[in-house]
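Residue-level structural notes
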Amino acid sequence: MEHVPPPAEELARLDRELAELDARRAQLLTRRAWLLAALRPPAPTAAPGWNPSGWGAPAAGRPGAPAQPWGHVPPKQPSAPRSAQNVLLTLGGLLLTVAAIAFTLVSWGSMGIGGRSAVLAAVTVGALAAPVVLLRRGLTATAEALAALALVLTLLDAYAVHAVAAPDTDGLGFTAVAAAVLAALWTAYGLALGKLHLPLPAAVVLAQWPLLFGAWAAGAPALVVGWALLATAVLDGAIALWGKGTGARVTACLGGSVMAFSALMVGLALSVTASGPLGALAPGVLLLTAAAAALAGAWRAPRGFARAGGAVAGLAVVAAVGGVPAAAVPEGWRVLAYLLVGLAPAAVVRARLPRNAAIGVLVASAAVVAGALVGALPGLAAVLLGPVTLLSDVWSGSPEGFRSAVGSTLPWSELAATPVVLALVAGLLGAAYRWWPSLARIAAPLIAREEPGSGTGPAGAPGTGTPEAGGAAAPGVSGAPWYAGGAPAARRRPSGAALRGAAGAGAAVLGWGALLLSGAVLDVPYAVAVAGETLLVAGLLALAVGGAGSSRNGSAAVPVTALVVALAAAVSTGLLSLASEGASYAVFGALTALFAGAAVRAGAGVPRAVFAVAATVGGTVLSGFAGRSLGLAPHEAAPLVLLVPALTVLFGARLRRNPVALPVELTGALGALVAVALAVPDAPFLALVLALCGVLAAGAAVRPERRPVAGYLAAALFVLATWVRLAASEVSFPEAYTLPVTVPALVVGFLRRRKDPEASSWTAYGPGLAATLLPSLAVAWTDPDWQRPLLLGVAALVITLLGARYRLQALLLLGGAVLALDGLHELAPYVVQVAGALPRWLPPALAGLLLLVVGATYEQRLRDARRLKDALGRMR
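Residues numbered from 1 in each chain as written. Predicted model: local features only at pLDDT ≥ 70, side-chain atom pairs only at ≥ 80, totals over all residues. Heavy atoms only, no water.

For the protein, the count of helices and strands is 35 helices and zero strands. Evaluated residue by residue, the protein yields a buried proportion of 37% over its 876 residues. Restricting to contacts in the protein with at least 6 residues of sequence separation, those with at least 24 account for 67%. As displayed, the protein has an accessible area near 47,800 Å², and 71% of this comes from carbon and sulfur atoms. (Helix = DSSP H or I, 4+ residues; strand = E, 2+ residues; numbered from the N terminus. Buried < 20%, exposed > 50% of the residue type's maximum accessible area, 1.4 Å probe, protein only. Contact = heavy atoms within 4.5 Å. Areas by Shrake-Rupley, 256 points an atom, 1.4 Å probe, with all protein chains shown as cover.)

Laid out in structure tokens, this is it:
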């Protein structure tokens, strides 16, 4: 017979065999890894730093790497000899430079004219000749150090020549000549010794000053100085495009940027301050020349520089051409002249310019438009925010005009062109929104255009249309524009529908702003201004409602923007109407009706809820106006304000689960809070308002979906109203009024629990207990006798014990909280006495000790807190 071992013995045998198999498998895997590493070609340097204690598998993700031991430590690398050599050469060149400067400035006077010339000539010639010999022997770093020394010596030579040979020469003129000579010398020197990196950038730096210093030395006017700066910038641009060496080209690019910016600032300042159109012509020629130079450079520059050059060219053209008519019109209308000229560069979409340069010109045009719009912000802010000052003097009387109602001190005469600017840009954006497909077809050649050389230039080279060079070609589709889809660039750019929606939204906002500012600029009568702004709100609401459900344009930007602007305009119009009682009723009545009508006409969704909420707010404001018109005090008008919350409760019962019901009811609840705030100064009215709010909450609790929140809220409001009424009547024994309510409430709760054991103790017993315990606790804290705190503490203790015995959460928490607060009230005087008798260092020490104990047992405290939370959660 076959022997079958017991299960425990068989399990132990299986575990031993499995362990042996695992150990053998690990040995085989280790050997396999070593063999794979041995079959691969060895690394060039494998000996230093290797730990022969064990071999591991090749690193993951490196299929061709040899195995490395697990304890491998890379050897320390010695300091790079080139780095040490550069440090030594830099220090040596610096010391020699300091010595040469000290010799020239300090020891110069102790030598004769011959000695001076001989020493400087010999040292300079030696410093210039030494790099030639050093380069032949391959000592490039040493040659660079001596070339830097030679540069300093040539500067000192120029200083010495001026101090000895031409002391009476004008400093600026001599500096200009010396800079030109030295620039030519170092250019020839750098071209002759092509391996040196310093001479050519130094020559570029020296070339920045001859024309500028020459113009200053000659006492030339500012226009000539601008031409000198522009000529220098053109020279720098030529060096940046065709110069030899990266250092020289980078230096020329930086210098050219500074000089071009300075030339443009000079031309712009002269154009802006010109006394007439003829005076603006000469600066305009300078700016146009700068624009031509920038555009010529952008034609051959890489993408980023090409776009920057196009932007500079466009701005310079606007400043040059716009400055002529701007000098002939009043100051307030100059922005319109520049805006009209700034719109002209948009025609480059059809011009045969390189794509990146054309984009830069378009950016310049957009910048001009944006600048003109920024100039309108102060006027718009004044019109929108100015009526806020009327809040401090409501219904003080109708002002004479719009400006006096706004209360702003802006120079409105200088803002005369602002409405025209806004209307012009709004019209252009509206036309773009209306005829967007035609505009897209016009701009398609610019978007899909490849710059010159795209057919022969290498990938990513400047002027190509490849993605690397910033072109518009999509992967796999030569010359496909970004809006064709499928390319990564298309996912980084907004879609055509989004751009069209942005244009439409911008047209709506700017058109509203133009009409709004027109009233302030013209200073229309107050009634006309109020009526006009109300009509603007109506128009915006019509636009928001008409486009809310339309998706044919692929974008909801227009209706959403119209909705937001309509809300802002409604707030501004409402504030503006506060100057007159009749205007206030008319405006808020009209706004309430408009928003209510928009809520009815709008489709389901967020816009409809927003319209309904705005109508509710308008109705609440009207109810407040009614109280003021009746001559009621704020607390007396509080019940009137509750009319709108009552209507929202009825409205919610009518709509039930409609998405609009909840926002409207919440808005009505905020109106009820306003009524409570108005009634706070008078306790009897506050009790009345709280009771009315409780009635409204109880009415809302009739609906099952509102019952979980509204039911508790109604009970709390009724209890709070009772307490306030008792406090207002100066009742010293509130138990006489609360116990007759508490006992029946507890009986009803007990019967509810018998019928439904799963009912919450907060629903059954919470309101009844709170009706007595909390008012008694409030009175006990101000009662100097001991009987009330004692009886309250005994009652709270009994309630707490009953809650613990029958596992009722409401009894346990309410009784425990009241008992703790009552005990704190009784112990507070003794705690204060003890605290005063203790040393001052003892409380911080005890606090620190407590923190240490809590920190040391933190995990245990967390577990205790979780157990307590679970225990309370299991209670009913």
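On we go from here.
Another aspect to go through is the packing of helix H25 (residues 643-655) against helix H27 (residues 683-701). Running from N to C, H25 and H27 point in directions that differ by 5°, and their axes come no closer than 10 Å. If you check the angle between H25 and H27, you find them roughly parallel. Residues Pro645, Ala646 and Val649 of H25 pack against Leu696, Gly699 and Ala700 of H27. Taken together, the residues of the contact of H25 with H27 break down into five nonpolar, one polar and no charged. (Axes fitted to C-alpha atoms, helices over the stretch in contact; angles between N-to-C directions. Parallel < 35°, antiparallel > 145°, perpendicular 65-115°, else oblique. Nonpolar A, V, L, I, M, F, W, Y, C, P; charged D, E, K, R; others polar.)

So, about the nonpolar core. By size, the foremost hydrophobic cluster in this structure holds 61 residues, and its most contacted members are Phe402, Trp412, Phe595 and Phe611. Residues in contact with phenylalanine 611, not counting those within four places in the same chain, are Leu541, Ala544, Val545, Leu563, Phe595, Ala598, Ala599 and Ala602. Ala158, Ala183, Ala202 and Leu206 belong to the second largest nonpolar core, which has 24 residues in total. (Core = buried A, V, L, I, M, F, W, Y, C linked by side-chain atoms within 4.5 Å.)

Mapped onto the elements of the fold, aspartate 170 is located in the loop between helix H4 (140-164) and helix H5 (171-192). C-alpha of aspartate 170 to C-alpha of alanine 218: the two residues are 48 residues apart in sequence and 9.9 Å apart in space. From its side chain, aspartate 170 meets the backbone nitrogen of leucine 172 in a polar contact 3.3 Å long. A distance of 3.0 Å separates the side chain of aspartate 170 from the backbone nitrogen of glycine 173, its partner in a polar contact. (Polar contact = N/O pair within 3.5 Å; in protein donor to acceptor, adjacent residues only side chain to side chain.)

A few words on a nonpolar patch on the surface. Judged by side-chain polarity, Trp786, Leu790, Val794, Val798, Leu802 and Tyr806 come together as a nonpolar surface patch covering roughly 620 Å² of accessible area. Position of valine 794 among the secondary structure elements: in helix H32 (residues 787-806). (Patch = residues over 30% accessible without salt bridge, like charges linked within 9 Å, V, L, I, M, F, W, Y side chains within 5 Å. Salt bridge = Lys/Arg side-chain N within 4 Å of Asp/Glu carboxyl O.)

Moving on, we come to unusual backbone geometry. Its identity is not glycine, yet aspartate 523 carries a phi of approximately 55°, on the positive side. For aspartate 523, the location among the structural elements is in the loop between helix H19 (496-522) and helix H20 (526-548). The class of aspartate 523 is partly exposed, set by a relative accessible area of 35%. Within the chain, arginine 807 stands out as a residue other than glycine whose phi angle is a positive 55°. With respect to the secondary-structure elements, arginine 807 resides in the loop between H32 and helix H33 (809-837). For arginine 807, a relative accessible area of 40% puts it in the partly exposed group.

On to the confidence of the model for the protein, then. Averaged over every residue, the pLDDT of the protein is 80; residues scoring 70 or more account for 82%. The model gives residues 44-82 a pLDDT under 50, and that stretch makes 33 contacts with residues more than four places away or in other chains. Here residues 450-491 is a poorly scored stretch, pLDDT under 50, and it has 61 contacts once near neighbours within four places are set aside; other chains count. (pLDDT = per-residue confidence, 0-100.)

Let us look at the packing of aromatic side chains. Enumeration over the complete set of coordinates arrives at eight aromatic pairs. Ring plane angle 45° and centroid distance 6.4 Å describe the contact between phenylalanine 595 and phenylalanine 611, whose orientation is recorded as tilted. Highlighted residues: phenylalanine 595 in helix H22 (residues 581-601) and phenylalanine 611 in helix H23 (residues 606-629), separated in sequence by 16 residues. Note on phenylalanine 595: relative accessible area 3%, which makes it buried. Members of the aromatic cluster, joined through ring pairs, are Trp395, Tyr585, Phe588 and Phe625. (Phe/Tyr/Trp six-rings, centres within 6.5 Å; stacked < 30°, edge-to-face > 60°.)

On to the pattern of salt bridges. Close approach of charged atoms lets side chains of opposite charge pair. For the coordinates displayed, the defined rule picks out five salt bridges. Ionic pairing is found between glutamate 9 and arginine 13, a salt bridge with its closest N-O pair at 3.8 Å. Here glutamate 9 pairs with arginine 13, and both are found in helix H1 (residues 7-39), just four residues apart, close to one helical turn. Glutamate 9 sits in the partly exposed class, given a relative accessible area of 42%. For arginine 13, a relative accessible area of 38% puts it in the partly exposed group. Arginine 788 serves as the salt-bridge partner of glutamate 735, at 2.7 Å between the closest nitrogen and oxygen. One end of the pair, glutamate 735, is in helix H29 (residues 735-755); the other, arginine 788, is in helix H32, and 53 residues separate them in sequence. Summarising the burial analysis for this pair, glutamate 735 and arginine 788 share the class buried.

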